[in-house]
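Here is what each chain is made of, one letter per residue.
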Amino acid sequence: MLKRIIKVLIVVLTELLLLSSLASCSQDGVPDGYQLVACEGDEFRLYVPAGWKASTMGGITSAIYSMDDNVTVSVYVADDAKDLTAEDYWKLCDQRFKEEFDGYSSSDKTEKTVLGGKSALKCVYSAKRTTVNYADGSTSQVEYKYMQIMARHKDKMYVLLYSAPANKYDAHISEIEGNSEGVGVVPYFVFAEAYHSDDNNKEYSSDVTVPEGMKLISTDERAYRLFVPTAWKVNVRTEASAAYVDEADGTRTNVSAQMYMTGDESQTVEQYWTLCEQSYKKLFDSYTLVSSEGITVDGAKAGKYVYDVTTGGNNYRQMQVIVKKGAMFYVITYTASPEFFDAHIAEVQKMIDSFDIR
């Protein structure tokens with residue numbers, strides 16, 4: 001279970017590699033200095049400091065302090081908890097972690113606490129995991145420290161997980177647990193009615209010609225326009241322009257558009273892809289390039305790359321279109337389970353064909 005969450009967060013970190021630094025939107029009802037992170041259907045609200053990078057990629061409600069620090073906080077439903085109490089579920093987790101992770105250790109002491117007004121149990125433990133140095137692509141075994149808070153709401157077990165390299169854990173723990181004035185991620189966490197995104201809570205251009213059967217999901221602050229089919233749901237709480245489809249088997253098919261400013265205008269699409277590919281080979285359990293071709297997007301040179309990856313025991317097929325214009329790279333990423341990839345490829349191609357660099 002923890003392995004699955006760690007792997008998903010690694011995928012999120014990979015996505016954020018391509019993301020430029022953008023300011024978060026202010027939202028009504030959000031605590032001062034914080035931002036809301038929520039996936040469609042979440043029966044809770046996670047608020048994190050505004051300086052953190054919010055993410056709902058892969059359907060995981062999470063936030064990341066920075067790429068350099070690899071400090072994350074996430075909330076998810078523990079599908080394997082069934083009817084267990086928090087105490088019994090922790091015993092199950094503890095046993096699994098001993099079997100799954102190198103260098104695993106935990107405090108025998110658990111602490112009763114509160115999460116979203118519900119009685120909860122807090123546990124702290126550590127384990128080693130492979131970490132990638134994005135500067136040179138090297139990997140190393142780094143000791144991480146975790147804080148896991150478990151609480152039942154209705155018929156589900158919710159887990160709030162804080163993860164950081166052991167030497168950086170204390171630097172952010174007060175932001176998570178809260179300070180003496182009750183300001184922090186845990187104090188602000190609430191259970192609520194299912195969250196539904198509001199496609200109209202951002203300012204969109206009114207004078208844009210939208211292709212038939214599609215909608216504009218990128219805001220005027222973006223240097224591009226991304227159109228998606230009207231049936232796709234919009235992730236309005238991510239810093240990327242992102243949309244998704246919930247599949248019948250419970251998986252989620254995603255499309256996102258991101259920008260990256262290169263410090264070297266001579267860097268080519270091929271060179272940029274080589275750097276991405278090197279990272280993917282280290283980040284994923286397995287990586288296989290399926291196809292690559294040079295294309296043109298909105299009159300600019302681009303490359304289309306299709307590849308298969310395995311992470312946390314799950315298989316995914318991704319298509320990444322990298323567009324170079326001036327000093328900017330624009331990256332469109334399509335992610336799906338292999339069995340659903342072809343089902344949406346025509347729709348994704350329409351997104352690519354209509355992609356507009358402003």
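What counts, and at which threshold
Residues numbered from 1 in each chain as written. Predicted model: local features only at pLDDT ≥ 70, side-chain atom pairs only at ≥ 80, totals over all residues. Heavy atoms only, no water. Pairing = 2+ DSSP bridges. Helix = DSSP H or I, 4+ residues; strand = E, 2+ residues; numbered from the N terminus. Axes fitted to C-alpha atoms, helices over the stretch in contact; angles between N-to-C directions. Contact = heavy atoms within 4.5 Å. Buried < 20%, exposed > 50% of the residue type's maximum accessible area, 1.4 Å probe, protein only. Phe/Tyr/Trp six-rings, centres within 6.5 Å; stacked < 30°, edge-to-face > 60°. Lys NZ or Arg CZ within 6 Å of the ring centre and 35° of its normal. pLDDT = per-residue confidence, 0-100. Salt bridge = Lys/Arg side-chain N within 4 Å of Asp/Glu carboxyl O. Expected span 1.5 Å × (residues − 1). Arc of directions from axis to C-beta. Polar contact = N/O pair within 3.5 Å; in protein donor to acceptor, adjacent residues only side chain to side chain.

Strands belonging to one sheet form pairs held by backbone hydrogen bonds; the direction of such a pair is parallel or antiparallel. Pairing in this open sheet of 7 strands is antiparallel, and the strands run E15-E16-E17-E21-E20-E19-E18 from one edge to the other. Sheet topology places strand E15 (233-235) and strand E18 (286-297) at the edges, where each strand pairs with a single neighbour. Each strand of the sheet is rotated relative to its neighbour by a mean of 20 degrees, with strand direction disregarded. Across 6 bridges, strand E16 (residues 241-246) lies against strand E17 (residues 252-261) in antiparallel orientation. Paired with Ala242 across the two strands is Ser256, which belongs to E17. The strands that helix H5 (residues 269-283) touches are E17, E18, strand E19 (300-311), strand E20 (314-325) and strand E21 (328-336); relative to E19, the one it contacts most, it runs at about 10 degrees.

Next up on the list: the sheet that holds strand E2 (residues 44-49). On the basis of which strands lie adjacent, the open sheet formed by 3 strands has the order E1-E2-E11 and antiparallel pairing. Two strands close off the open sheet at either side, each with one partner strand: strand E1 (34-37) and strand E11 (190-191). Bridge count for E1 against E2 is 4 bridges, and the pairing is antiparallel. Looking at the pairing, Gln35 lines up with Val48 of E2.

Located in the positive-phi region is Lys154, a residue other than glycine, with phi close to 60 degrees. Turning to its location among the elements, Lys154 is positioned in the loop between strand E9 (139-153) and strand E10 (156-165). Residue classification places Lys154 among the exposed residues on the basis of a relative accessible area of 56%. Here Asp298, not a glycine, exhibits a phi torsion of approximately 50 degrees, which is positive. Mapped onto the secondary structure, Asp298 falls in the loop between E18 and E19. What makes Asp298 partly exposed here is its relative accessible area of 35%.

Right, let's get into the packing of aromatic side chains. Tallied over the entire structure, the rule returns 27 aromatic pairs. Members of the aromatic cluster, connected to one another through ring pairs, are Trp90, Phe97, Phe101, Tyr104, Tyr125 and Tyr146. Cation over ring: Arg252 sits above Tyr244, and NZ or CZ is 3.8 Å from the ring centre. One cation-aromatic arrangement involves Arg317 over Phe341; the distance from NZ or CZ to the ring centre is 5.8 Å.

Looking now at the confidence of the model for the protein. Reading fine detail from the predicted coordinates is not recommended where pLDDT is low. Per-residue confidence for the protein gives a mean pLDDT of 83, with 83% of residues at or over 70. Confidence drops under pLDDT 50 across residues 1-28; counting only partners more than four residues distant or on other chains, this segment forms 81 contacts. Within the model, pLDDT remains below 50 along residues 199-203, and this stretch shows 12 contacts once partners closer than five positions in the same chain are excluded.

Tallying each qualifying case throughout the model produces 11 salt bridges. Between Asp94 and Lys98 there is a salt bridge whose closest N-O contact spans 3.6 Å. Taken together, the positions of Asp94 and Lys98, both in helix H2 (residues 86-100) and 4 residues apart, correspond to about one turn of that helix. Asp94 gets classed as buried once you look at its relative accessible area, which sits at 15%. Accessibility expressed as a relative area gives 49% for Lys98, which makes it partly exposed. Two residues, Glu177 and Lys122, come together in a salt bridge whose shortest N-O distance is 2.4 Å. Placement of the pair is Glu177 in helix H3 (residues 169-177) and Lys122 in strand E8 (residues 118-132), with a sequence separation of 55 residues. A relative accessible area of 33% means that Glu177 is categorised as partly exposed. Sharing partners across several salt bridges, the network here consists of Glu111, Lys122 and Glu177.

Helix length check: H2, at 15 residues, gives a terminal C-alpha distance of 21 Å against a target of 21 Å (1.5 Å per residue), a fit within 8%. Taken together, the buried positions of H2 are occupied by Ala86, Tyr89, Trp90, Cys93, Asp94 and Phe97. Buried positions in H2, seen along its axis, are confined to an arc of 145 degrees and lie on one side of it. Facing away from the buried side of H2, by more than 90 degrees, are the exposed residues Lys91 and Glu99.

A few words on the environment of Ser106. As for its placement among the helices and strands, Ser106 is situated in strand E6 (residues 105-106). Among the residues examined, Ser106 registers a relative accessible area of 23% and is labelled partly exposed. Distance in space between the C-alpha atoms of Ser106 and Tyr146 is 9.4 Å, their sequence separation being 40 residues. In terms of polar contacts, Ser106 uses its side chain to reach the side chain of Asp94, at 3.3 Å.

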